[in-house]
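As a plain string of letters, each chain reads:
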Amino acid sequence: MKKSLSRFSAPVLCQLRRELRRGLGVVAMASASMTCLAAEPAPAAGTAAPATTTALRLFVSGHSLTDNPIADDIVRIASSQGTEARYNQQILLGSTIKARTHGQGNWSGYRQGKNRVGSNTDVIAELRSGKAIGGDRYGTVLITERHDMLGPLIWEDTVRHLRHFHEQAYRANPAVQTHFYASWMGVKDKSNPQSWIRYERAADQAWQCLSTRVNTSLAHEGRPDRLKHVPAGLALAGLVERATREQVPGITQASAKATLDQLFTDDVHLTRVGAYYLALVSYSAIQGRSPVGAWAPAGVSAAQAQALQSIAWELVSASAAAPSPNLPQCRSYIATSFCETFWTQVGHKDAIGDCKRTFTQATSDNPMHFDAARDAAYWLPSP
């Protein structure tokens, strides 16, 4: 817990954490600007992109918002586009990155979670051996933080644990590309999702800032590897806005609530259609190419698939073409804007002041603070 939040009593802090975690049903105790994807014009509807020969070896670390069938769909989409693909995963419901790495101590989190087959695989050993994918090296990591991102950033040391996971993948394969997946908050009112759409647009830059903090240190160390951004929440909000304002085939219904029910099973988890859309978004961001013409699962109509493929590529391309925030911009944005946006969204305006102080101080208690002279000592040692 950061010192600047010390004015809150322990019960109040615990209540804040409980309320922030409730949305995902916790079961676990727990730049340099980023490199952008090259813009690629979307093929005409129904036209498959050219075949790719480079294999996709994907490892997913996350919670219910990255749970199956998303990874399965990414692999099927890639295969249908000419890329041979395999994956493994570590899914721990409601978890932070800290829970999936440090765990209860001694880096026990790396040995927890549901895998593609079975559970509690030693993730570090798997990254090194690639046993679950036929002995190949993992070239791609997709990892996310709990959806109430600012809470874990302050209290659960997201930045250091995010880099720690990346380091394990990098040690196993220096050519690995880590993608940081921006999860989304729950929709408070499906009949009027506009405030949620505004929130997700504001949150996307804050999600990017977590990668920026890690990338700043990697650049300082003269390393070539960088984390990349997957704008999942932003793309989901973009789809919701379009479907409630225009006609998206197979998605738009007679009311906003009925439209959102096509995508959400509750306020935050996804239907089969919604999961497929986020797999399209993830594939587009990871591969940097259009999913138009790709495979679609049973239960997703041809009209839905065509619309979702085109929208996913359009929104991911727009995000990739936009400039990423640098670290000073991140500090300013979170302190002057996002602290208020986030704590208002979760209903704890009393936390805004301390949040602003956290992100303006020039100490290691500020997750966005970078001290070149002391940076090497900031990061957590490998097991």
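Note: the structure precedes this text.
Everything in this summary refers to the structure shown in the same document. This structure is a prediction, so every number in the text was calculated from the model and none was measured.

**Notes on the pairing of strand β2 (residues 85–91)**
Regular strands place their side chains on alternate faces of the sheet.
Then, number 1: Taken across its seven residues, β2 has six buried, putting it largely inside the fold.
Then, number 2: You can see the chain leave strand β1 (residues 56–62), run along helix α2 (residues 70–80) and come back into β2, and the turn it takes is right-handed.

**As for the packing of aromatic side chains**
Then, number 1: A full pass over the atoms with the stated rule returns 14 aromatic pairs.
Then, number 2: Note on Tyr110 and Phe165: the rings are 5.8 Å apart at their centroids and 35° apart in plane angle, and the pair reads as tilted. In this pair, Tyr110 is assigned in the loop between α3 (97–101) and α4 (123–129) and Phe165 in helix α6 (residues 158–172), connecting sequence segments 55 residues apart.
Then, number 3: Classification of Phe165 as buried rests on a relative accessible area of 1%.
Then, number 4: For the ring pair Phe338 and Phe342, a centre distance of 6.1 Å and an interplane angle of 45° mean the geometry is tilted. Taken together, the residues span about one helical turn, with Phe338 and Phe342 both in helix α12 (residues 327–345) at a distance of four residues.
Then, number 5: Of the residues examined, Phe342 reaches a relative accessible area of 0% and is grouped as buried.
Then, number 6: The lysine or arginine in question, Arg116, covers the ring of Tyr87, its NZ or CZ lying 6.0 Å from the ring centre.
Then, number 7: One cation-aromatic arrangement involves Arg163 over Trp379; the distance from NZ or CZ to the ring centre is 4.9 Å.

What counts as what
Residues numbered from 1 in each chain as written. Predicted model: local features only at pLDDT ≥ 70, side-chain atom pairs only at ≥ 80, totals over all residues. Heavy atoms only, no water. Buried < 20%, exposed > 50% of the residue type's maximum accessible area, 1.4 Å probe, protein only. Helix = DSSP H or I, 4+ residues; strand = E, 2+ residues; numbered from the N terminus. Right-handed = clockwise from strand over helix to strand, strands pointing away. Phe/Tyr/Trp six-rings, centres within 6.5 Å; stacked < 30°, edge-to-face > 60°. Lys NZ or Arg CZ within 6 Å of the ring centre and 35° of its normal.

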